[in-house]
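Spelled out from the first residue to the last, the chains are:
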2 protein chains.
Amino acid sequence: MTISRAEKSLYRSLKIKKEREETGLFLVEGIKPVTEALLAGFPLERILISDNVAESERLRILSLANDKNVAVVSVAYPEIDQISSLLNPEGVLAVAKISAKENLLAPLTYPALYLWQINDPGNLGTILRTALWFDCRTILLSPESVDIYSPKVVRGAMGANFRLTLRTNVDIHQIEMILAHDNSSLWATDSSGTFDKPTLADDRFILAFGSESHGLPPEILQRAAGVLCINKYGYGESLNLAVSVGIMLHTIRQK
Amino acid sequence: MTISRAEKSLYRSLKIKKEREETGLFLVEGIKPVTEALLAGFPLERILISDNVAESERLRILSLANDKNVAVVSVAYPEIDQISSLLNPEGVLAVAKISAKENLLAPLTYPALYLWQINDPGNLGTILRTALWFDCRTILLSPESVDIYSPKVVRGAMGANFRLTLRTNVDIHQIEMILAHDNSSLWATDSSGTFDKPTLADDRFILAFGSESHGLPPEILQRAAGVLCINKYGYGESLNLAVSVGIMLHTIRQK
């Protein structure tokens, strides 16, 4: 079994956002992300694997794919290389299906993150991975954020994206609807903040983070029940965004 | 004033580690890192600036450079572009001097970080920035770590590298000498850890972190006074290294 020229051309095109949107497909690259997609039962169209992958890893992927009924196609390494977004791909990639839009008012889990215009794909991937570690399983992204299905985000997430509830294009009006429907609260993060964590008895809150360069807009800061910050002990203008998310979620979990 | 062909060729070569070592020079790219180098009084050979830089930022750099007696050369944007390691450089770069090796037994400040075979330059840059925020001003790097003067590290550090004490090629034997000389202790981080922070009355400790893929070697884990870890509440194999450093340093600062 091999792949046709048309398939190869389709898969190569998935590096481009417009093509992902039109086809409803995205690329998952590398042993760890592909394994995690399989373990999470995420819908995969197929897996491509080349013979440079170590036997033990190859067998693990084949066995998992068999359990989940996903087709695995053996290809030559140059084929992977041509499809991949990476300079030195590991020799495994999957073509995955973008899930259909969820009902906006389906129940969320709390605490949730609201990320405002995050544009660094590496940061977003790391944030997804960090959120899952701290059992924060709902991630809401504002309009004009980096595409969550871009290869760099998927790679940085190390598989976390397959286990999280991700909603894109969530504007402040939709946040208002969620808060009203769920009777939950919104907490913002900003260097002007005065709390180190939400002053609540439960986890029913959405924690909002802005981009490193612009922070959160005034309408979110004003709407928030409180503004959180991380104390500075030394010198610097700001912390890296993913580092900030990690520190905040860790603080929240320490009751 | 402009730059000669020989100078341009020298500056372009500074993307390569061997050339940096031979010349004792490295590149600082972008408005923020160059401004921070000037503010910190770091030794700069010269600054190149092109006319696409906004007037206010141009004047700020010129004024700071004048205070610190650093030559600023106006060049055309394509010249910056040819020297730079970036796809879309901001139009400012500095050529900085690698400081002479410090005496190994000169006093360190505590807490200090010991980074073992860190090979991701983006992670290392973010760690430097995070360490300075939490006033952890001594960073020791093991042999076989990424070069601290590589453009990606310098860029990710956002200027923190100009205010930290950085020592490279520090092996476990040298760590032993430092511990004995300073009467300080070594704490390791590992998923097998049992403490969330050092159980000490003061800050006289070195906190060791391994690479994401391999962690710390047994000789460091065995030598440590204690092993620290970050509790997992959800799912995942590990946290990003810079996120882990941020959470640990934040925890240490919360007395």
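Sequence positions are assigned chain by chain, starting from 1 and proceeding in written order. Both sets of labels track the order of writing: A upward for chains, 1 upward for ligands. Where local features are concerned, this predicted model is filtered to residues with pLDDT of at least 70; where side-chain atom pairs are given and counted, the filter is 80 or more; whole-chain, interface and lining totals use all residues. Excluded from the side-chain calculations are hydrogens and water; all other atoms, namely the structure's heavy atoms, are used.

J.: What is the right way to look at the relation of the copies chain B and chain A in this model?
T.: The fit set for superposing copies consists of C-alpha atoms from residues with pLDDT of at least 70 in both; the fit itself is least squares. It takes a turn of 180° to lay chain B on chain A, together with a shift of 0.0 Å along the axis; the resulting RMSD is 0.0 Å. Overall, the copies show the geometry of a two-fold rotation axis. Comparing interface residues between copies, 100% of those in chain B also sit at the interface in chain A, which points to an isologous, same-surface contact. Two residues qualify as a contact provided that any one of their heavy atoms is within 4.5 Å of a heavy atom in the partner residue.

J.: Explain the nonpolar core to me, please; I cannot follow it from the model alone.
T.: Looking at soluble globular proteins, one finds that nonpolar side chains tend to be buried together. Residue types Ala, Val, Leu, Ile, Met, Phe, Trp, Tyr and Cys, when buried and joined through side-chain atoms within 4.5 Å, form a set referred to as a nonpolar core. Only protein chains enter the calculation, and the probe is 1.4 Å; a residue is then buried if its accessible area is under 20% of its type maximum, exposed if over 50%, and partly exposed in between. In this structure, I47(A), L113(A), L128(A), I47(B), L113(B) and L128(B) are the most contacted members of the largest nonpolar core, which totals 112 residues. Not counting the four nearest positions on each side in its chain, L128(A) is found in contact with I139(A), I148(A), V153(A), A157(A), A160(A), N161(A), L164(A) and L166(A).

J.: I keep staring at the side chain of S184(A) and nothing clicks. Help me out?
T.: Residues and elements named next belong to chain A. Tracing the sequence through the fold places S184 in the loop between α8 (172-182) and β8 (185-189). Residue classification places S184 among the buried positions, given a relative accessible area of 11%. Distance and chemistry together define a polar contact, namely a pair of N or O atoms within 3.5 Å, with one atom able to donate a hydrogen and the other to accept it when in protein, and with adjacent residues in sequence counting only for side-chain atoms on both sides. Only 2.9 Å separates the side chain of S184 from the side chain of Y110, close enough to count as a polar contact. In contact with S184, other than residues within four places in its own chain, are Y110, I178, L179 and R204. Starting at the N terminus, helices and strands are each numbered in turn, a helix being any DSSP run of H or I of at least four residues and a strand any DSSP run of E of at least two.

J.: Got a minute to help me understand the sheet that holds strand β1 (residues 25-29) of chain B in this structure?
T.: Strands pair in a sheet through their backbones, by hydrogen bonds, and they do so in one of two ways: parallel or antiparallel. Residues and elements named next belong to chain B. Paired strands are those between which DSSP finds at least two bridges. As summarised here, the arrangement of the 4 strands in space is β1-β4-β2-β3, forming an open sheet in which the pairing is mixed. Taken across any chain shown, the strands that pair with only one partner, and hence form the sheet edges, are β1 and β3 (72-75). If you compare each strand with its neighbour and ignore which way they point, the axes differ by 20° on average. Pairing of β1 with strand β4 (residues 92-97) involves 5 bridges; the strand directions are antiparallel. Residue pairing for β4: E29 is matched across the bridge by L93. Helix axes are fitted only over the stretch in contact, all axes being lines through C-alpha atoms; the angle between N-to-C directions runs from 0 to 180 degrees.

J.: Got a minute to help me understand the domain arrangement of chain A in this structure?
T.: When the parts of a complex come together, some accessible area is lost, and that lost area is often used as the size of the interface. Residues and elements named next belong to chain A. Annotation of chain A at the domain level lists domain 1 (5-97) and domain 2 (112-253). Residue ranges assigned to each domain were obtained from an automatic or database domain assignment. Each of domain 1 and domain 2 has a C-alpha centre, and the two are 29 Å apart. Taken together, the contact pairs 18 residues of domain 1 with 11 residues of domain 2. For the pair domain 1 and domain 2, the two sides together bury roughly 1300 Å², of which 66% comes from carbon and sulfur. The largest per-residue losses of area from domain 1 upon contact with domain 2 belong to R20, F26 and P33, which jointly make up 32% of the total buried on that side. A carboxyl oxygen of Asp or Glu within 4 Å of a side-chain nitrogen of Lys or Arg is what we treat as a salt bridge. At the boundary of domain 1 with domain 2, the tally comes to 2 salt bridges. If you look at where domain 1 meets domain 2, you find 3 residue pairs in polar contact (both at pLDDT 80 or more). Residue classes in the side of domain 1 that touches domain 2 are distributed as 9 nonpolar, 2 polar and 7 charged. Put simply, buried area is the surface a 1.4 Å probe can reach on two separate parts but cannot reach once they are joined, added for both. Three classes are used: nonpolar for Ala, Val, Leu, Ile, Met, Phe, Trp, Tyr, Cys and Pro, charged for Asp, Glu, Lys and Arg, and polar for all others, with Gly counted as polar.

J.: Which parts of the structure should I look at to understand the packing of aromatic side chains?
T.: The geometry of an aromatic ring pair is captured by two quantities: the separation of the ring centres and the angle between the planes. What counts as a ring pair is set by centres within 6.5 Å for rings of Phe, Tyr and Trp (its six-membered ring), and what kind of pair is set by the plane angle: stacked under 30 degrees, edge-to-face over 60, tilted for all other angles. Using the criterion set out here, one finds 12 aromatic pairs over all chains in the structure. Centroid distance Y114(A) to W116(A): 6.2 Å. Interplanar angle 75°. Geometry classified as edge-to-face. This pair shows no difference in class: Y114(A) is buried, exactly as W116(A) is. Among the aromatic residues, those joined into a cluster by ring pairs are F26(A), F42(A), Y149(A) and F162(A). Placement of a charge over a ring requires the Lys NZ or Arg CZ to be within 6 Å of the ring centre, with the centre-to-atom vector within 35 degrees of the ring normal. Across from the ring centre of Y235(A), 3.8 Å away, lies the NZ or CZ of R163(B), which sits over that ring.

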